[in-house]
Every structure is written in structure tokens, then in C-alpha cells.
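# Coordinate inspection notes
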Amino acid sequence: MLTKTRQKEILKLLENRGSVTLQELKDHLNTSESTIRRDLNTLDAQGKLIKVFGGAVAADNMSIRDEQVSRREEKNLEEKRLIARYAASLIQDDDFVYLDAGTTTGCMLDYISDATTAVFVTNAPSHAQKLARKGMEVILIGGRLKQSTEAVVGEEACRQIEKFNFSLGFLGSNGVSERSGFSTPDQDEAMVKKRAIERIHRCFVLCDHTKFYKVSPISFAKLEDAVVLTDSAPQGNFQEMPNIVEISEDE
């Protein structure tokens, strides 16, 4: 098989699967491992894929628009609950907590102890209502309500956040990428997240495995600016990063 034909076939497989192993490529293309490695090196250098340990993954996928909360709530629900339960266990009674809008941070509310004396600040009216019903002290950030994500955003929200010093914070992200860091489709929402991260002492970004290698138009932080809590990180560089924490059922 000619080199260009073989490389096109590799990219076609990645488009369909998202990731491939060396063994899968060897079997599919009926060629040697050394040849496959050369192809992967070439395609990685061209930015057409990302070479990882034992194979390759598709180059960063662009996610341009936010989905409605109602559509996102049921996606990867078990993974979100796993991450949320662990995240909630990190909250201590004397913490001043920032809780970002989002479906994974929303799952945390079921696991936050009713007895905690921690104080919560959030830009999500739905989060604030649930926390208040549990009898907790909560501060709701004011500003413009973004309909699709049900998050309060805008300059007023940023000004309020700048007044606080959070001991702990939990945020969501549409994409997690080595090159682009944490990203989201909306500029106003990105600014709120950026301001919050700047005011948080211990910052955690909650991302299930589907968020890796995805990029949205606006980056709001570098990958090293927070600890990533996930159910599963892709093989390769992400698994080697000290700030990527994979949560198991036992934790």
C-alpha cells in the first residue's frame, strides 16, 4: 500500500473511532509496526492526529456551540456522578467554595453533606436553590442569565467574583486540550470562569473522558491552572500529568 493511501486510511479510522492502537493499525493495514510508527510521526508533525503511547487519537475536535442543559444532563451520567461524589468529599466545614454552573458540578449537590458549614458561591440559580433547600449558606452571583447553560455571566458577575477569596472551587469545561487548555464556546462565560479561577486557592475542573482532545473557541485557563478530576484520562501524555486525577469506584 502506498504511503499516502495508508495515511489516508489511518485518518479515516480515526475519524470513525476517535482513537486507534498500533496493533489495530497493523492488523487493518497489514503492515509492520515500524511503518505505522513512521506514518504516525508524519501525521502528528502535520497536526492531522495526536500520537500517544501505543497508538493515536484524532486531532483536537472543535466544539462551537453549547448544548441545552436538558440535553446534557443525561449524557455520561454515571461518569459525572462518580466524579461529583469524589469532588464533594473534598469540601471541609470551613471552606469558602465557588461552584460553577454545569451538569457535573450540579451532580455534586446530591453528595454535599447537609451538615456542612461551608459557604457556597455560585453563578447557577439552580445550584443556589438546591443548596438553599438543603439549609446551606449560599451566595448567588448576579448578572445576565445565559439560557442554554443556565449560568449567570457578564461584567457584573465578574466584578462580584473579584471581591471573593475562595479556598476551594469546582468548574466545568467543554474541552480539555494540551495546546488550548480549558475552553468553552461563550466569551462571557469564559470570562466568568477565568475570574473565578484567579480567585480560587485550590481549583478543580470536573471533566468526564469525552472532554479530552476537544477545543471550544474561547480558552479560559491553562491546563496546569487546575487539578482535573475525571473518570478516565486518554492513554499517553494526559495519564502522565500530575494534575490529572482519575477517579475509581472505590474512591
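Scroll up for the structure.
None of these values were measured; they are calculated from a predicted model.

Next up on the list: the pairing of strand 3 (residues 55-58). Two strands pair when backbone bridges link them, and strand 1 (residues 19-21) and strand 3 are joined in this way by 3 bridges, in the antiparallel orientation. Residue threonine 21 lies in a different strand from strand 3, and its bridge partner there is glycine 55. Direction of pairing for strand 2 (residues 49-52) relative to strand 3: antiparallel, over a ladder of 4 bridges. For isoleucine 50, the partnering residue across the bridge sits in strand 3 and is valine 57.

Quick look at the nonpolar core now. With 38 residues, the main nonpolar core has Tyr98, Phe182 and Phe238 as its most contacted residues. Residue assignment for this core shows that the elements contributing at least two residues are strand 2, strand 9 (151-153), helix 8 (155-161), strand 10 (166-172), helix 9 (187-198), strand 13 (200-206) and strand 15 (218-221). Looking at which element gives the most residues to this core, the answer is helix 9, with 4 residues. Apart from residues no more than four positions distant in its own chain, phenylalanine 182 is found in contact with Ser173, Gly175, Val176, Val205, Ile218, Ser219, Phe220, Ala221, Lys222, Leu223, Ala226 and Val228. Counting residues in hydrophobic clusters, the runner-up holds 24 residues, among them Ala84, Ile91, Val97 and Leu131.

Right, let's get into the environment of lysine 214. Locating lysine 214 in the fold gives a position in strand 14 (residues 214-215). Distance from lysine 214 to alanine 56, taken between C-alpha atoms, is 15 Å for residues 158 residues apart in sequence.

A few words now on the packing of aromatic side chains. Tallied over the full model, the rule gives 8 aromatic pairs. Geometrically, the ring pair formed by phenylalanine 182 and phenylalanine 220 is stacked, given 6.1 Å between the ring centres and 25° between the ring planes. Within this pair, whereas phenylalanine 182 is found in strand 12 (residues 181-184), its partner phenylalanine 220 is found in strand 15, the two being separated by 38 residues in sequence. The exposure class of phenylalanine 182 is buried, given its relative accessible area of 0%. Residue class for phenylalanine 220 comes out buried when judged on its relative accessible area of 5%. Feature note: the residues Phe96, Tyr98, Phe164 and Phe166 constitute an aromatic cluster, connected by ring pairs. A cation over an aromatic ring shows up here: lysine 193 above the ring of phenylalanine 220, its NZ or CZ 5.5 Å from the ring centre.

Between helix 2 (residues 22-29) and helix 3 (residues 33-45), the shortest axis-to-axis distance is 10 Å and the interhelical angle comes to 110°. Judged by the angle between their axes, helix 2 and helix 3 are roughly perpendicular. Two packed elements cross with a definite hand, and for helix 2 against helix 3 that hand is right-handed. In this structure, helix 2 uses Leu22, Leu25, Lys26 and Leu29 to contact helix 3, whose residues at the interface are Glu33, Ile36, Arg37 and Leu40. Residue composition of the contact of helix 2 with helix 3, grouped by class: 5 nonpolar, no polar and 3 charged.

By way of backbone hydrogen bonds, the strands of a sheet pair with one another, either parallel or antiparallel. The strand order 11-12-15 describes an open sheet built from 3 strands, whose pairing is antiparallel. Edge positions in the sheet fall to strand 11 (175-177) and strand 15, since each of these pairs with one other strand and no more. Across the sheet, the mean angle from the axis of one strand to that of its neighbour is 40°, orientation sign disregarded. Across 3 bridges, strand 11 lies against strand 12 in antiparallel orientation. Bridging from a neighbouring strand, valine 176 pairs with phenylalanine 182 of strand 12. Along the sheet, helix 9 makes contact with strand 12 and strand 15, crossing strand 15 at roughly 10°.

Calculation rules
- Residues numbered from 1 in each chain as written.
- Predicted model: local features only at pLDDT ≥ 70, side-chain atom pairs only at ≥ 80, totals over all residues.
- Heavy atoms only, no water.
- Pairing = 2+ DSSP bridges.
- Helix = DSSP H or I, 4+ residues; strand = E, 2+ residues; numbered from the N terminus.
- Core = buried A, V, L, I, M, F, W, Y, C linked by side-chain atoms within 4.5 Å.
- Buried < 20%, exposed > 50% of the residue type's maximum accessible area, 1.4 Å probe, protein only.
- Contact = heavy atoms within 4.5 Å.
- Phe/Tyr/Trp six-rings, centres within 6.5 Å; stacked < 30°, edge-to-face > 60°.
- Lys NZ or Arg CZ within 6 Å of the ring centre and 35° of its normal.
- Axes fitted to C-alpha atoms, helices over the stretch in contact; angles between N-to-C directions.
- Parallel < 35°, antiparallel > 145°, perpendicular 65-115°, else oblique.
- Left-handed = near helix turned anticlockwise from the far one by under 90°.
- Nonpolar A, V, L, I, M, F, W, Y, C, P; charged D, E, K, R; others polar.

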